[in-house]
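Fold and geometry: a report
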Amino acid sequence: MNEIRESLSRIRATEDLKKHTLEYLLKQQEKKSGFKQHPVFKYALAAICMLLLLGAGGYSVYRQPVSYISIDVNPSVELEINRFGRVVSTNAYNEDGQTVLQHLSLNNIPYVQAINELLAEESSSGFLKEDSLLVFTVISDQDASIMEELSAAEFSRKYATCLYTSDTGCMKEAHSYQMSFGKYRGYQELSQHDDSVTIEDCNNMTMEELHNRIENCSEHGSGHGSQHHGTSQTETPDPDQTDTPKPAGTQESDYTPEPACTPEPTDTGHHGKHHK
C-alpha cells in the first residue's frame, strides 16, 4: 500500500480526489486480505495504473469535458461530462439553478446519478412537480447513446420529458446571453413562429410555459419568425413501442443556419422525444 501512496503523490489531481481514492483502496484492502481477487479493487488499481502511465496528461484527460447536458425545468443547469461518463463541472444559468446547485456536489459521479440527485433536490425545493415538463438537451459525438440512456432512466417515466440535441455553436451563442443552451434552443424554436419574442421573455418563462407557447403558435400559425438553426423537433411514440423502426411524426428542419450557430460536422439535426 506504500507504493500506492507514492503513486498517488505523483498524480496531478486535487488533494481531495487523491484522499478519497486512497481511503477507498484502504477500505477495500481491510475488507478482504485477498484483495487481488476483488473485482472492484482490481478496477480501481487499473485506473491508478492508467493515470500513472499517462502521467500528468492522465488527469487532463479525466477533466476534459466531451459531452454536455442541459437540464431545464425552471432551474436551468448544465452538466459537463468527461469521456468516462462522469460529471466534471456544473453550471447554473438562472437563480433557481444556483439555489439548487448550492446544496449539491455532483462532480466525479456518473451523469445519470448526478441527474437523479439534481432532480431530487429540485423536487424537494418545490421547483419540480409531478406535472412539470422536464427538458434535456444534449451536445455530444455520442448523443444517441446518451439520449437512449436518459430515455431509459426512471425520471423519464416519472415526468413528462422532452429530449433534444444541439451543437457547440449554439451553446456558445446561448452562453453569450447567459442562458442555458437547452432553454436557448426553445427560444430559437419559438422565435421561428413569433418574431416578437425576446430573450428576456423566454428567460422569464418556465420550460413548460415555453413549450406550450411553441405548441400554440404552431397550431395557429402565428408570426413569421426569424430563421434559426437548432430548433427542429422529432416527436416519437412511447419508448415501450419498440416495434416501430422509425420515429413517427418526424419533421425535417427547413431553417437557414445563422453563421453564429453553425452545426458541428457530425451534426445531423436536432431531435426531440416527448414522453408522458
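Refer to the structure presented above.
Here goes a summary of the coordinates provided. (Residues numbered from 1 in each chain as written. Predicted model: local features only at pLDDT ≥ 70, side-chain atom pairs only at ≥ 80, totals over all residues. Heavy atoms only, no water.)

So, about the packing of aromatic side chains. This model, assessed by the stated rule, comprises 4 aromatic pairs. Ring geometry for Phe-136 versus Phe-155: centroids 5.3 Å apart, planes at 40 degrees, classification tilted. Of this pair, Phe-136 sits in strand 4 (residues 133–139) while Phe-155 sits in helix 8 (residues 154–158); the two residues are 19 residues apart in sequence, bridging distant segments of the chain. Grouping aromatic residues by their ring pairs yields a cluster made of Tyr-177, Tyr-184 and Tyr-187. Directly above the aromatic system of Tyr-164 lies the positively charged group of Arg-185, at a separation of 3.6 Å from the ring centroid. (Phe/Tyr/Trp six-rings, centres within 6.5 Å; stacked < 30°, edge-to-face > 60°. Helix = DSSP H or I, 4+ residues; strand = E, 2+ residues; numbered from the N terminus. Lys NZ or Arg CZ within 6 Å of the ring centre and 35° of its normal.)

Attention now moves to empty space enclosed by the protein. Applying the stated criterion across every chain yields a total of 1 cavity of 30 Å³ or more. Approximately 60 Å³ is the volume attributed to the largest cavity. Forming the boundary of the largest cavity are 11 residues, of which Tyr-164, Arg-185, Met-207, His-211 and Ile-214 lie nearest the centre. Elements with a contribution of two residues or more to the lining of the largest cavity: strand 4, helix 10 (181–193) and helix 12 (207–220). For the lining of the largest cavity, the residue count by class is 6 nonpolar, 3 polar and 2 charged. (1 Å grid on protein atoms, 1.4 Å probe; cavity = no way out; pocket = protein on both sides within 12 Å on 5 of 7 lines; lining within 4 Å. Points joined across faces, edges and corners; volume = space filled by probe spheres on them. Nonpolar A, V, L, I, M, F, W, Y, C, P; charged D, E, K, R; others polar.)

Moving on to the side chain of Asn-82. In this fold, Asn-82 is placed in the loop between strand 2 (76–81) and strand 3 (87–92). Residue class for Asn-82 comes out buried when judged on its relative accessible area of 2%. (Buried < 20%, exposed > 50% of the residue type's maximum accessible area, 1.4 Å probe, protein only.)

Time to look at helix 6 (residues 111–124). The end-to-end C-alpha distance of helix 6 is 20 Å, a good match for the 20 Å that 14 residues give at a rise of 1.5 Å each. By the burial criterion, the buried members of helix 6 are Tyr-111, Val-112, Ala-114, Ile-115, Leu-118, Leu-119, Glu-121 and Glu-122. Looking one or two residues past helix 6, Gly-126 carries a phi angle of roughly 90 degrees, positive in sign. (Expected span 1.5 Å × (residues − 1).)

Working note: regular strand, side chains alternate between the two faces of the sheet. Most of strand 1 (residues 67–72) sits out of view: 6 of its 6 residues are buried. With 6 bridges joining them, strand 1 and strand 2 adopt antiparallel strand pairing. Opposite Ile-71, over in strand 2, you have Val-77 as the bridge partner. What sits between strand 1 and strand 2 in their antiparallel hairpin is a turn of 3 residues. (Pairing = 2+ DSSP bridges.)

Moving on, we come to a negative patch on the surface. A surface patch of like charges, here negative, comprises Glu-130, Asp-131, Glu-208 and Glu-209. Tracing the backbone through its elements, the reader meets Glu-208 in helix 12. Look at Glu-208 and you get partly exposed, because its relative accessible area is 33%. (Patch = residues over 30% accessible without salt bridge, like charges linked within 9 Å, V, L, I, M, F, W, Y side chains within 5 Å. Areas by Shrake-Rupley, 256 points an atom, 1.4 Å probe, with all protein chains shown as cover. Salt bridge = Lys/Arg side-chain N within 4 Å of Asp/Glu carboxyl O. Lys, Arg positive; Asp, Glu negative; His and termini not counted. Charge placed at Lys NZ, Arg CZ, Asp CG, Glu CD.)

Turning our attention to the environment of Tyr-184. By secondary structure assignment, the location of Tyr-184 is in helix 10. On the basis of relative accessibility, which here comes to 2%, the residue Tyr-184 falls in the buried class. Sequence separation of Tyr-184 and Cys-202 is 18 residues, and the distance between their C-alpha atoms is 8.3 Å. Ignoring anything within four residues of it in the chain, the contact list for Tyr-184 reads Cys-170, Glu-173, Ala-174, Tyr-177, Met-179 and Ile-199. (Contact = heavy atoms within 4.5 Å.)

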